[in-house]
Structures are given as C-alpha cells and as structure tokens.
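Below are the chains, spelled out letter by letter.
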Amino acid sequence: MGAVIERDSDVYTILGCEDGSLCRLVNSLVEDEKEEEGLGSMILSPDIPIEIRIYEKQKAGMAWHVDDIIYQNTKQIEVVFTL
C-alpha cells in the first residue's frame with residue numbers, strides 16, 4: 001500500500017528541510033563527488049513526490065527495478081528511508 005505525502009504536511013517539511021537530518025546525510029554522502037563536479041547541495045525536487053509505502057507482511061518489499069531517468073543533465077539519487 002502506498003501514498004504520496006502532501007507538500008503541506010509536517011512529514012514533507014521534516015523530510016524536505018534543507019537543514020534537516022535527511023538532507024544533511026545525503027549531502028555528506030555525496031560531498032566528495034559534488035566538490036569534484038562543482039555542484040551545490042542536493043535538494044528535493046519539487047517535481048518528484050515523496051512517497052510512503054507500507055508493507056504489511058514481513059520480508060515483503062519492492063522487487064529489484066531500475067528507475068526512470070527524470071533529469072537528463074543532472075545528478076540524481078534515490079533515498080529509501082526504512083523504519
């Protein structure tokens with residue numbers, strides 16, 4: 001079961017905050033590559049929704065897949081945050 005997190009929700013604000021833990025973690029993981037290529041901070045794209053998924057059975061999950069390339073001329077990463 002899945003849903004898109006609304007942009008005006010507290011969860012979206014927490015996950016998307018540029019000074020928040022998630023953005024700081026992502027930026028720290030790609031910092032060396034960003035410096036080499038002269039890139040700024042990674043931010044959430046306003047064009048791509050944040051999704052939430054609930055897997056009700058143990059060990060259930062998304063099958064291996066390759067994501068579509070949305071932006072041709074820029075670096076992009078996908079972050080999966082599991083609770």
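Just so you know, these numbers come straight off a predicted model, no measurement behind them.

Draft legend 1. Spotlight on the overall build of the chain. Scanning the chain from N- to C-terminus turns up three helices and two strands. Going residue by residue from the N terminus, the α and β elements of the chain occur as β-α-α-α-β. Taking the contacts inside the chain whose residues are at least 6 apart along the sequence as the reference set, 56% of them involve residues at least 24 apart. Surface summary for the chain: the accessible area is close to 7500 Å², and the carbon and sulfur share equals 54%.

Draft legend 2. Representation of the environment of Pro46. For Pro46, the location among the structural elements is in the loop between helix 3 (31-37) and strand 2 (51-53). Here Pro46 falls in the exposed class, since its relative accessible area comes to 54%. The spatial distance from the C-alpha of Pro46 to the C-alpha of Arg7 is 9.0 Å, given a sequence separation of 39 residues.

Draft legend 3. Focus on a nonpolar patch on the surface. A contiguous nonpolar surface patch, about 490 Å² in accessible area, is contributed by Ile77, Val79, Phe81 and Leu83. Tracing the backbone through its elements, the reader meets Ile77 in the segment after strand 2. Given the relative accessible area of 47%, Ile77 is considered partly exposed.

Draft legend 4. Quick look at the environment of Asp67. Relative to the helices and strands, Asp67 is located in the segment after strand 2. Placed 11 residues apart in sequence, Asp67 and Glu78 show a C-alpha to C-alpha distance of 8.9 Å.

Draft legend 5. Local environment of the confidence of the model for the chain. Summary statistics for the chain give a mean pLDDT of 75 and a share of 84% for residues scoring 70 or more. When pLDDT is averaged over each helix and strand of the chain, the minimum, 65, is found for helix 3 and the maximum, 82, for strand 1 (residues 2-4).

Draft legend 6. Up close: helix 2 (residues 21-29). For helix 2, every residue scored as buried is listed here: Leu22, Cys23, Val26 and Asn27. Summarising the axial view, the buried residues of helix 2 lie within an arc of 130°, below the 170-degree limit, and thus occupy one face. Opposite the buried face of helix 2, at more than 90 degrees from it, the exposed residues are Ser21, Arg24 and Leu29.

Rules used throughout
- Residues numbered from 1 in each chain as written.
- Predicted model: local features only at pLDDT ≥ 70, side-chain atom pairs only at ≥ 80, totals over all residues.
- Heavy atoms only, no water.
- Helix = DSSP H or I, 4+ residues; strand = E, 2+ residues; numbered from the N terminus.
- Contact = heavy atoms within 4.5 Å.
- Areas by Shrake-Rupley, 256 points an atom, 1.4 Å probe, with all protein chains shown as cover.
- Buried < 20%, exposed > 50% of the residue type's maximum accessible area, 1.4 Å probe, protein only.
- Patch = residues over 30% accessible without salt bridge, like charges linked within 9 Å, V, L, I, M, F, W, Y side chains within 5 Å.
- Salt bridge = Lys/Arg side-chain N within 4 Å of Asp/Glu carboxyl O.
- pLDDT = per-residue confidence, 0-100.
- Arc of directions from axis to C-beta.

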